[in-house]
Amino acid sequence: MPLIEFQNVSKWFPHSTGRQLLRTHIARWFGSVHHEPFYALRNVSFRLDEGESLAIVGSNGAGKSTLLSLAAGLTMPDQGAVRVKGRVAALLELGAGFHPDLTGAENLVLNAALLGLSKRKTNELFDKIVDFSGIGEFIDDPLRTYSSGMIMRLAFSVAIQCEPDILLIDEVLAVGDAKFQEKSKEALVSFRRAGKSMLFVSHSPGAVRSMCDRALWIDHGSVMMDGAVKDVLDAYEGRAVMQQRT
Amino acid sequence: MWNGDYLFLIRNLVEKDFKVRYRNMSLGVLWSLLNPLIMMALLTFIFTKIFAQPHERNFPLSVLCGLVPYNFFAVAWVTGTTSVLESSALIKRVPVPRQVFPIASVLSNCLHLLIQITLLLGIVLVYGRGVNTHWLWLPLIWGLEILFVMGLTLTFSAINVYVRDTRYVVESANTVLFWLVPIFYSWTLIPARFKGLYQVNPVAAVVLMMRNVLLEDRAPLGSTLIRLVFVSIVMFATGILIFRKLKDGFYTRL
């Protein structure tokens, strides 16, 4: 039984997205606006089994983020089916729910609640999260006094410590200073060792190689290749080099 | 997908709203009290001294009975309408159930309602009007108003994602409502042929019933109460249905 399964998934966006105004709607009713939808994903199928770490590679705009959003349950596919089993923690954009006027501790609790933790569990994990973040005594200061590195560290700590079954990660390993990066890498390694699964989007081949067993290469919304990390990366990078030459 | 702790999340969102609002004000909660008092004094001055009308003995109190439910209604409706849009960062990143945002928004306004109700009841006592058994109706009346606003907010917060002009429609509607709810005039002043207009207006019903209880020492009118119960439940159910229907489209439109 796979933890995540995509079956012939397609997702498209209307081109006029972003201007949800009355006149746009009126224009549409009268049929004066016609746009081909933009396909973010086209007929994508893959599965993630228990204990597996899958890297998603592809150039900008290939559909990687849309794929993660679908896996996280943020949106529904327009065609096909997405099945997910277990609790997902999505590290899509760290600190999305943070408010600058609340203290670090208040933001921590709010973020834990957003990730679905109960009050008891939050109290239980509180010290561990603060400890991991290395924020120390500043935890009771308002977030606006934090450096951006500190905010990222706090957000990452909440997500990694909230004990999800599946972790969805979008380019967030470059968080904080070298020491914290080392720590977060270690946390991910022990997460994997605990037999949990990951979907991992990164542009860094080094990180992909060290974190994942399998890779999925997508381009313009379609799957180009699905296989062992080494093979997929070789093909992906090979193509990138070819494109540079031509 | 998201099977977390609903109540804990909503409580945290409400607390966040409250803390954020009051941490940036040196007078804090006092503003919640000052605003209706200023309006009450202003309306009393205008309608008893400048534009003098035949009025009741307890005019300031009568005005406050109108202002408190109206203010709550207007503010909760507008802030609730924009709540989904303002949480777009979260909606695009965290798979929380989307209805928590309008619900938390209304509930955080309920805290202000509570503060203002305390003020209102305090002033009722200052005016020398004692507590009576009819006060037991008050929680029900306010509960129905909250239910009605909740339904309205669910509906409009969802529509606002699709049509961003919605919030301005709501703001205009509130301006109209300020005049069409009997805030600074009493029910008896309304000509009989216009009374029907007020009978279908839930905010007017709430104001009338509060005056029944607090100023006239009697139970609210049964027919008005039943109508309010019906309208509130229908509005709430409609809100939930519309929100459920529209929420799947939020992601692509935010």
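Here the structure is a predicted model, which is why all the values come from computation and not from measurement.

Trainee: Explain the overall build of chain A to me, and be specific about the residues and the numbers.
Mentor: From N to C terminus, chain A includes eight helices and nine strands. In terms of overall size, chain A behaves like a compact globule, its C-alpha atoms giving a radius of gyration of 20 Å where 246 residues would be expected to give roughly 18 Å. Overall, the C-alpha framework of chain A stretches about 55 × 50 × 40 Å when taken along its three principal axes. For chain A, the residues scored as buried account for 41% of the 246 residues in total.

Trainee: So what's going on with the nonpolar core? Which residues, and what values?
Mentor: Among the nonpolar cores identified, the biggest contains 136 residues, and Ile56(A), Ala71(A), Leu91(A), Leu168(A), Leu199(A), Phe200(A) and Ala215(A) are the most heavily contacted of them. In this structure Phe200(A) touches Ser53(A), Leu54(A), Ala55(A), Ile56(A), Ile169(A), Val208(A), Met211(A) and Cys212(A), once residues within four positions along its chain are discounted.

Trainee: Residue-level account of the environment of Lys128(A), with values.
Mentor: For Lys128(A), the location among the structural elements is in helix H4 (residues 119-133). The spatial distance from the C-alpha of Lys128(A) to the C-alpha of Gln161(A) is 7.6 Å, given a sequence separation of 33 residues.

Trainee: Run through the sheet that holds strand S1 (residues 4-13) of chain A, naming residues and quoting values.
Mentor: All names here are of chain A. The antiparallel open sheet is built from three strands, whose spatial order is S2-S1-S4. The sheet terminates laterally at strand S2 (38-48) and strand S4 (79-84), the two strands that pair on one side only. Along the sheet, successive strands turn relative to each other by an average axial angle of 25°, direction set aside. Pairing between S1 and S2: seven bridges, direction antiparallel. Bridging from a neighbouring strand, Phe-6 pairs with Phe-46 of S2.

Trainee: So, the interface of chain A and chain B: which residues are in play, and what are the values?
Mentor: With 30 residues of chain A at the interface, the matching set in chain B holds 29 residues. At the level of secondary structure, the elements contributing two or more residues to the side of chain A that touches chain B comprise helix H1 (22-29) and helix H3 (104-114) of chain A. Among the elements that make up the side of chain A that touches chain B, the one with the highest residue count is H3(A) (five residues). Its residues assigned to classes, the side of chain A that touches chain B comprises 17 nonpolar, nine polar and four charged.

The rules behind each value
- Starting afresh in each chain, residues are numbered from 1 along the sequence in its written order.
- To label them, take the chains in the order written and letter them from A, then take the ligands in the order written and number them from 1.
- This being a predicted model, a pLDDT of at least 70 is required before a residue's local features are given, and a value of 80 or more before pairs of side-chain atoms are given or counted; all residues contribute to the totals for chains, interfaces and linings.
- Labels follow the DSSP assignment, with helices taken as runs of H or I lasting at least four residues and strands as runs of E lasting at least two, numbered in each case from the N terminus.
- For this measure, only C-alpha atoms enter the radius of gyration; the expected value for a globule follows 2.2 Å times N^0.38, where N is the number of residues.
- Each residue is classified by how many other C-beta atoms fall within 10 Å of its C-beta atom, where C-beta atoms are placed from the backbone; a count of 20 or more means buried, 12 or fewer means exposed, and values in between mean partly exposed.
- For our purposes the nonpolar core covers buried Ala, Val, Leu, Ile, Met, Phe, Trp, Tyr and Cys residues that link as a set through C-beta atoms within 7 Å.
- For every residue pair, C-beta atoms are placed from the backbone, and the pair is scored as a contact if these atoms sit within 7 Å.
- Any two strands between which DSSP finds at least two bridges are classified as paired.
- Each axis is a line fitted through C-alpha atoms, and for a helix only the stretch in contact is used; angles between axes span 0 to 180 degrees, taken between their N-to-C directions.
- Here the term charged refers only to Asp, Glu, Lys and Arg, the term nonpolar to Ala, Val, Leu, Ile, Met, Phe, Trp, Tyr, Cys and Pro, and the term polar to all other amino acids, Gly among them.

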